[in-house]
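# Structure at a glance
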Number of protein chains: 2
Amino acid sequence: MPLESLDPSTPYLVVDADVLDRNLRRAATTARTRGLVLRPHAKTHKCLEIARRQIALGAGGLTVATVGEAEVFAAAGFGDLFIAYPVWVSGGRVARLRALAEQVSLRIGVDSVEGVQALASAASGAGIAVLVEVDSGHHRSGVQPEAAGEVAAAASRAGLEVLGVFTFPGHGYQPDGRGQAAADEATALDVGARSLQRVSVDPVVRSGGSTPTAALADAASLTEMRPGVYAFNDAQQAELGSCGWSDVALTAAATVVSRSGQQVVVDAGSKVLGADRPTWTTGGGRLLDHPDARIVALSEHHGTVVFPEGSALPALGEVVRVVPNHVCSAVNLADQLVVVSAGRQVEHWAVAARGANT
Amino acid sequence: MPLESLDPSTPYLVVDADVLDRNLRRAATTARTRGLVLRPHAKTHKCLEIARRQIALGAGGLTVATVGEAEVFAAAGFGDLFIAYPVWVSGGRVARLRALAEQVSLRIGVDSVEGVQALASAASGAGIAVLVEVDSGHHRSGVQPEAAGEVAAAASRAGLEVLGVFTFPGHGYQPDGRGQAAADEATALDVGARSLQRVSVDPVVRSGGSTPTAALADAASLTEMRPGVYAFNDAQQAELGSCGWSDVALTAAATVVSRSGQQVVVDAGSKVLGADRPTWTTGGGRLLDHPDARIVALSEHHGTVVFPEGSALPALGEVVRVVPNHVCSAVNLADQLVVVSAGRQVEHWAVAARGANT
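Below is a short write-up of the structure. Since the structure is predicted, the reported quantities are computational estimates derived from the model, not experimental observations.

As a further point, take the pairing of strand β1 (residues 12–16) of chain A. All names here are of chain A. Along β1, 4 of the 5 residues are buried, which leaves the element largely enclosed by surrounding structure. Across 4 bridges, β1 lies against strand β10 (residues 250–260) in antiparallel orientation. Following the sheet pairing, Val15 is matched in β10 by Leu250. Where β1 lies against strand β16 (residues 336–341), 3 bridges are found, and the strand directions are parallel. By the bridge assignment for β16, Val14 is matched with Val338.

Have a look at this one:
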């Protein structure tokens, strides 16, 4: 792919539309085969074009992380949105949520009785359904699964529709962590669902899923999965083994600007790739065409890449393809994505929900 | 400061204009007292309003990291810009650099003979001056100081004006690393300057400086310093000891959305704060009003904060002030900054050069 000819100045993000489409189709098929609803997390791509393709392939709505993201996708005509987050409903968010609920079928997360009360007092009768978040081992937000019924009962008493339970098994982002995380997810959703049943709430939706655990999602326990990264994949996923390098659909085109010994510096740094670097990764991302190279450091505008002794280095001025560690962060730094198909640039997609964090 | 009343929905970035102004004045005074030119790095704030204040306080021009940042500040009327980066001049960047050089007094970095040749062949006669980047120990870009003359001689032969040498002592971002980094910086600039003199180039400019080393900058070796972060400061600087917590001028206003035991989750995560987390930091940022709390994890929209046993936690729905680890990353994620003075919201500043990475 002659990246040099695409856009005038590096660094920029490039989507391989062919790989993307294969990724979208594979997940759609997996979900359909297992009888699971696929509700892709749109925080990864933030692009209307990709969300439309996901829906066309059978997705049962979109997942988003914030009210702001929901507003972007609602304005573009997406009609079924789940804000998978314990939204604190107060201040200006009240009117925004009520306006959203008039436009679309809206569900949001709750993980406390206080959160339920804030929502109920602000948006009672607005038609916002809730799912109770349970902690499946990531220990971030979410109640303990056996306490889900307490939150659900408060919601029911307050007149809110409770659809079920959801969780994010984020502890699957560890080497060899995927299997245990998928098992924990199933258990947490089972326990959470039973906890809802004990307070006479039917857990119609049992929503889980993350890209590392999606292939292992247990259809006996889940009704829905919400992977996001699978659309593009990234260096984390490849290093975790949840995708291959040929499944990576997004890279940063970066120019080699400096060279010394076995080291080069490229012009994609943390302001293009994001600074995500879990301790188990091999570095600050990877070079797609140089599997033995390692990104040993990222500054804002410098990616420092070390090559093994004896291996050939890219030349000064050469454009290389850098795979971000965490594609959600990289996309959120860009205003647009350059789209290629069969090696040719075909269009640009706006990152429509970039920075929609509120 | 009643943050709740400022903007409708968290998370958002808040600048305390009084602290900012004190930081800007202090650095201006330090530079003037020592006879150093202060050329602040605008990549930190990316705001026209702050750059204007820096110039009004005596800054001798601005530093930027990219051609794109230079374009934003040139369009706003700033007339003296240094792109402190080994810019690779090819493709669309040629016309952009030539256009810039017609508007402003422009200097850029070079760190290779090849880079000099690319610049000379593309923009000869455009009036772009160069400084040779030398490596003072950060081992990123920059030639070894004793080799600076080779690059300078190539530039002179190609008809480019060579103004001197510059370095970034980034290895000062380590506990107890500031003193050694400042000493290394002085040595590297001395050696680099002598290397230029040996090829009959006068090293008029010897430019160094970073926020951690600025207070130790050696006026016998430097003529100019380029700190950026000092305008706002951040958790890294405070934990390194290069500022106090009362010198932190920028925080993220974030709402507590989840609580469990001694842990809360706030709605500012890595998409607001940036994911920068050097191993020597205590976490993913700090809470300004809760010095004993630690941000143990950052997801995209979750900051997980642990409080010591027995200490009081903020309530669900409470707004707290989060200090990013690396303020440059946080600012680059935001479209605007909320500005407060004496505890009252006074205006918004656009992050004019947000995402100007090319």
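All of the buried residues in helix α3 (residues 67–75) of chain A are A:Val67, A:Gly68, A:Glu69, A:Ala70, A:Phe73 and A:Ala74. Of the surrounding secondary structure, the elements contacted by the buried residues of α3(A) are α2 (48–56), β3 (62–64), β4 (80–86) and α4 (92–103) of chain A together with α10 (270–273) of chain B. Just beyond α3(A), the residue with positive phi is A:Gly77, at close to 100°.

Moving on, we come to the packing of aromatic side chains. The geometry of an aromatic ring pair is captured by two quantities: the separation of the ring centres and the angle between the planes. Scanning all chains against the criterion turns up 4 aromatic pairs over all chains. Considering the side-chain rings of A:Phe73 and A:Phe78, the 5.6 Å spacing of their centres and the 75° angle between planes classify their relative orientation as edge-to-face.

Before going further, it helps to examine the pattern of salt bridges. In this structure the tally under the stated criterion is 32 salt bridges over all chains. Put simply, B:Glu300 and A:Lys43 hold a salt bridge, and the shortest N to O gap is 2.9 Å. Of this pair, B:Glu300 sits in the loop between β13 (294–298) and β14 (303–306) while A:Lys43 is found in the loop between β2 (37–38) and α2, placing the two residues in two different chains. Since its relative accessible area comes to 7%, B:Glu300 is described here as buried. A:Glu69 is the salt-bridge partner of A:Lys46, the closest N and O atoms lying 2.7 Å from each other. Here the residue A:Lys46 occupies a position in the loop between β2 and α2, and A:Glu69 occupies one in helix α3, the gap between them amounting to 23 residues. Here the salt bridges do not stand alone but share partners, grouping A:Arg39, A:Asp80, A:Arg107 and A:Glu224 into one network.

Next up on the list: the packing of helix α6 (residues 148–157) of chain B against helix α7 (residues 178–198) of chain B. Two packed helices can be described by the angle between their axes and the distance between those axes. All names here are of chain B. For the pair α6 and α7, interaxial distance at closest approach is 7 Å and the crossing angle is 45°. On the basis of the axis angle, α6 is oblique to α7. Here the hand of the crossing between α6 and α7 comes out right-handed. Residues Ala148, Gly149 and Ala152 of α6 lie in contact with α7, whose contacting residues are Gly192, Ser195 and Leu196. Here the contact of α6 with α7 is composed, by residue class, of 3 nonpolar, 3 polar and no charged.

Exposure remark for A:Lys46: the relative accessible area of 0% places this residue in the buried category. Those residues within four positions of A:Lys46 in sequence are excluded, and the remaining contacts are A:Glu69, A:Phe73, A:Asn332, A:Ala350, A:Val351, A:Ala352, A:Ala353, A:Arg354 and B:Lys271.

This paragraph deals with the interface of chain A and chain B. At the interface, 53 residues of chain A touch 53 residues of chain B. Here chain A meets chain B over a buried area of about 4200 Å², counting both sides, of which 49% is carbon and sulfur. When the area that chain A buries against chain B is broken down by residue, the three leading residues are A:Tyr85, A:Arg140 and A:Lys271, summing to 16%. For the pair chain A and chain B, the number of links is 6 salt bridges. In this structure, the salt-bridge partner of B:Asp267 is A:Arg93, at a minimum N-O distance of 3.6 Å. Taken together, the links from chain A to chain B amount to 30 residue pairs in polar contact (both at pLDDT 80 or more). Breaking the side of chain A that touches chain B down by element, the ones donating at least two residues are β4, α4, β10, β11 (263–266), α10 (270–273) and α11 (327–333) of chain A.

Turning our attention to the sheet that holds strand β5 (residues 105–110) of chain B. All names here are of chain B. Taken together, 8 strands build an open sheet; the order of strands is β2-β9-β8-β7-β6-β5-β4-β3 and the sheet is parallel. Here the strands that pair on one side only, and so sit at the sheet edges, are β2 (37–38) and β3 (62–64). Judged from the 3 bridges that link them, β3 and strand β4 (residues 80–86) form a sheet pairing that is parallel. Across the sheet, Thr63 pairs through a bridge with Phe82, a residue of β4.

If you rotate chain A by 180° and push it 0.0 Å along the axis, it lands on chain B with an RMSD of 0.0 Å. Between the two chains, the operation in question is that of a two-fold axis. Among all residues of chain A, the one whose C-alpha sits closest to the rotation axis is A:Ala275, at a distance of 2.5 Å. In this assembly, 100% of the residues forming the interface of chain A have copies in chain B that are likewise at the interface, indicating an isologous arrangement.

Residue and element names in this part refer to chain A. Spatial ordering of the open sheet is given by β2-β9-β8-β7-β6-β5-β4-β3, a layout of 8 strands whose pairing is parallel. If you trace the sheet from one side to the other, it starts and ends with β2 and β3, each paired once. Pairing of β4 with strand β5 (residues 105–110), which is carried by 5 bridges, proceeds in the parallel orientation. Bridge pairing links Ile83 to Ile108 in β5.

Rules used in this analysis
Residues numbered from 1 in each chain as written. Chains lettered and ligands numbered in written order. Predicted model: local features only at pLDDT ≥ 70, side-chain atom pairs only at ≥ 80, totals over all residues. Heavy atoms only, no water. Buried < 20%, exposed > 50% of the residue type's maximum accessible area, 1.4 Å probe, protein only. Helix = DSSP H or I, 4+ residues; strand = E, 2+ residues; numbered from the N terminus. Pairing = 2+ DSSP bridges. Contact = heavy atoms within 4.5 Å. Phe/Tyr/Trp six-rings, centres within 6.5 Å; stacked < 30°, edge-to-face > 60°. Salt bridge = Lys/Arg side-chain N within 4 Å of Asp/Glu carboxyl O. Axes fitted to C-alpha atoms, helices over the stretch in contact; angles between N-to-C directions. Parallel < 35°, antiparallel > 145°, perpendicular 65-115°, else oblique. Left-handed = near helix turned anticlockwise from the far one by under 90°. Nonpolar A, V, L, I, M, F, W, Y, C, P; charged D, E, K, R; others polar. Buried area = accessible area lost by both parts, 1.4 Å probe. Polar contact = N/O pair within 3.5 Å; in protein donor to acceptor, adjacent residues only side chain to side chain. Least-squares fit on C-alpha atoms with pLDDT ≥ 70 in both.

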